[in-house]
Amino acid sequence: MRVVFMGTPSFAVAVLRRLVADRWEVVAAYTQPDKTKNRGMKLVPTPVKELAVTENIPVYQPESCRDEAALAQLRALEPDVIVVAAYGKLLPQALLDIPRIAIINVHSSLLPQYRGAAPINWAVLNGDKETGVTIQYMAAELDAGDILLTKRTAIDPGEDAGQLYDRLAALGGEAASEALALLERGEAPRTPQVYGPQYQYAAMLSREMSPLDWAKPARALVNQVRGLIPWPCATTDVTGTRWKVFRAHVGEPSETSPGTILSADKDGIAVACGDGKALVITELQADGGRRMTAAEYLRGHPIQVS
């Protein structure tokens, strides 16, 4: 079965690596064009391109998938199945119609929950206890295609979105390989999605989501810290200096007004929250500084406790 893969970032790399390991016939990899990076303006290949070159898989990087030349090129590859994982662009119907059997997408949520750009982050931001990946048949509307299969996994209360991203990427590769086997045998099911008000759209993240509001419950702030890793990161200026907050946990009860610094020692920086509990910051980065533990920060920047 001839498989064309389409993906760009590290999430997609884990999927492609699993397809190669499972010996699927990947005849081509499509990925975004190389982009310039840093001051040298050197062109940097995408993570998927780097893996594909290593595995001797032909790489295609069209500027647009709507271009007739790009579509003709894809048709010439005669794919039975196209596997898409975080490719980075909406695909036109003309492309969706090309594969002989199906075009499927690896989505990092349990659809129909968290359609959209940032499903992993929103699962953590909302304090969900479980998430997973969905293999869906692609449709013209974003993340609206029928479901082929899902795989579930628990979210650890201390796990951040970056850590969950890596686990779901590996799970996505497992699910994609399993889906290909079902398609090859003609046994792949189709379950239509029913999208309703009980499901949340996973909108793109923004810097406006970063500031910690100390009037909120401590657990909600912990989820905010976890869910905004690696970007844009939770922030606070509780000491008058702006910090990015990378690690925090719920501390002891407190009757102090929200935003009050309760303690600052080797165990972290505890700040009173709106639910009568404390948020203990254990890892941070001050503007102009490096990422470090709170204990390291306090050695050079002692904090006056109220």
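Residues numbered from 1 in each chain as written. Predicted model: local features only at pLDDT ≥ 70, side-chain atom pairs only at ≥ 80, totals over all residues. Heavy atoms only, no water.

Remarks on the overall build of the protein chain
For step 1, the next point in the chain: Each helix and strand in the protein chain was counted, giving eight helices and 17 strands.
For step 2, the next point in the chain: Considered along the principal axes of its C-alpha atoms, the protein chain spans approximately 70 × 45 × 30 Å.
For step 3, the next point in the chain: Residues classed as buried in the protein chain amount to 49% of the 306 residues present.
For step 4, the next point in the chain: Within the protein chain, contacts between residues separated by at least 24 positions form 63% of all contacts whose residues are at least 6 apart in sequence.
For step 5, the next point in the chain: Accessible surface, the protein chain as shown: approximately 14,800 Å² in total, 50% of it carbon and sulfur.
For step 6, the next point in the chain: When the 32 positive and 35 negative side-chain charges of the protein chain are each reduced to one mean point, those points stand 3 Å apart. (Helix = DSSP H or I, 4+ residues; strand = E, 2+ residues; numbered from the N terminus. Buried < 20%, exposed > 50% of the residue type's maximum accessible area, 1.4 Å probe, protein only. Contact = heavy atoms within 4.5 Å. Areas by Shrake-Rupley, 256 points an atom, 1.4 Å probe, with all protein chains shown as cover. Lys, Arg positive; Asp, Glu negative; His and termini not counted. Charge placed at Lys NZ, Arg CZ, Asp CG, Glu CD.)

With respect to helix 2 (residues 47-54)
For step 1, the next point in the chain: Along helix 2, the residues classified as buried are V48, K49, L51 and A52. Down the axis of helix 2, the buried side of the element spans an arc of 165°, and every buried residue falls inside it.
For step 2, the next point in the chain: Two residues or fewer after helix 2 comes N56, characterised by a positive phi angle close to 60°. (Arc of directions from axis to C-beta.)

Focus: empty space enclosed by the protein
For step 1, the next point in the chain: By the definition in use, this model includes one cavity of 30 Å³ or more.
For step 2, the next point in the chain: Roughly 40 Å³ of internal volume is contained in the largest cavity.
For step 3, the next point in the chain: Taken together, Y30, P62, C65, A70, L71, L74 and L95 make up the lining of the largest cavity.
For step 4, the next point in the chain: A per-class count over the lining of the largest cavity returns seven nonpolar, no polar and no charged. (1 Å grid on protein atoms, 1.4 Å probe; cavity = no way out; pocket = protein on both sides within 12 Å on 5 of 7 lines; lining within 4 Å. Points joined across faces, edges and corners; volume = space filled by probe spheres on them. Nonpolar A, V, L, I, M, F, W, Y, C, P; charged D, E, K, R; others polar.)

A look at the layout of surface pockets
For step 1, the next point in the chain: Here the largest pocket defines a volume of roughly 1,400 Å³.
For step 2, the next point in the chain: Lining the largest pocket are 48 residues, with P9, A86, Y87, G88 and A117 positioned closest to its centre.
For step 3, the next point in the chain: Going through the elements one at a time, helix 1 (10-21), strand 3 (35-37), strand 7 (102-107), helix 5 (119-125) and helix 6 (161-185) are the ones with two or more residues in the lining of the largest pocket.
For step 4, the next point in the chain: Of the residues forming the lining of the largest pocket, the biggest block, four residues, is contributed by helix 6.

Side note on unusual backbone geometry
For step 1, the next point in the chain: For the peptide bond that leads from I229 to P230, omega is 0°, which places it in the cis range.
For step 2, the next point in the chain: Along the chain, P230 turns up in the loop between helix 7 (218-227) and strand 12 (234-236).
For step 3, the next point in the chain: Residues W231 and P232 are joined by a peptide bond in cis, for which omega reads 10°.
For step 4, the next point in the chain: Structurally, P232 is set in the loop between helix 7 and strand 12.
For step 5, the next point in the chain: One non-glycine residue with positive phi stands out, namely Y114, at about 65°.
For step 6, the next point in the chain: Within the secondary structure layout, Y114 lies in the loop between strand 7 and strand 8 (115-116).

Some thoughts on the packing of aromatic side chains
Geometry of an aromatic ring pair is reported as the spacing of the ring centres plus the angle between the planes.
For step 1, the next point in the chain: For the structure on display, the rule yields four aromatic pairs.
For step 2, the next point in the chain: Both rings, one in F11 and one in Y165, keep their centres 5.6 Å apart while their planes meet at 70°; by these two values the pair is edge-to-face. Taken together, the positions of F11 in helix 1 and Y165 in helix 6 put the pair 154 residues apart, joining distant regions of the chain.
For step 3, the next point in the chain: You can call F11 buried: its relative accessible area is 4%. (Phe/Tyr/Trp six-rings, centres within 6.5 Å; stacked < 30°, edge-to-face > 60°.)

Here we look at a nonpolar patch on the surface
For step 1, the next point in the chain: Taken together, L90, L142, Y195 and Y201 make up a surface patch of nonpolar side chains, about 400 Å² in accessible area.
For step 2, the next point in the chain: Looking at the secondary structure, you find L142 in the loop between strand 9 (130-137) and strand 10 (147-154). (Patch = residues over 30% accessible without salt bridge, like charges linked within 9 Å, V, L, I, M, F, W, Y side chains within 5 Å. Salt bridge = Lys/Arg side-chain N within 4 Å of Asp/Glu carboxyl O.)

Regarding the side chain of N223
For step 1, the next point in the chain: Structurally, N223 is set in helix 7.
For step 2, the next point in the chain: Here R226 takes part through its side chain, which lies 2.8 Å from a polar atom of the side chain of N223. (Polar contact = N/O pair within 3.5 Å; in protein donor to acceptor, adjacent residues only side chain to side chain.)

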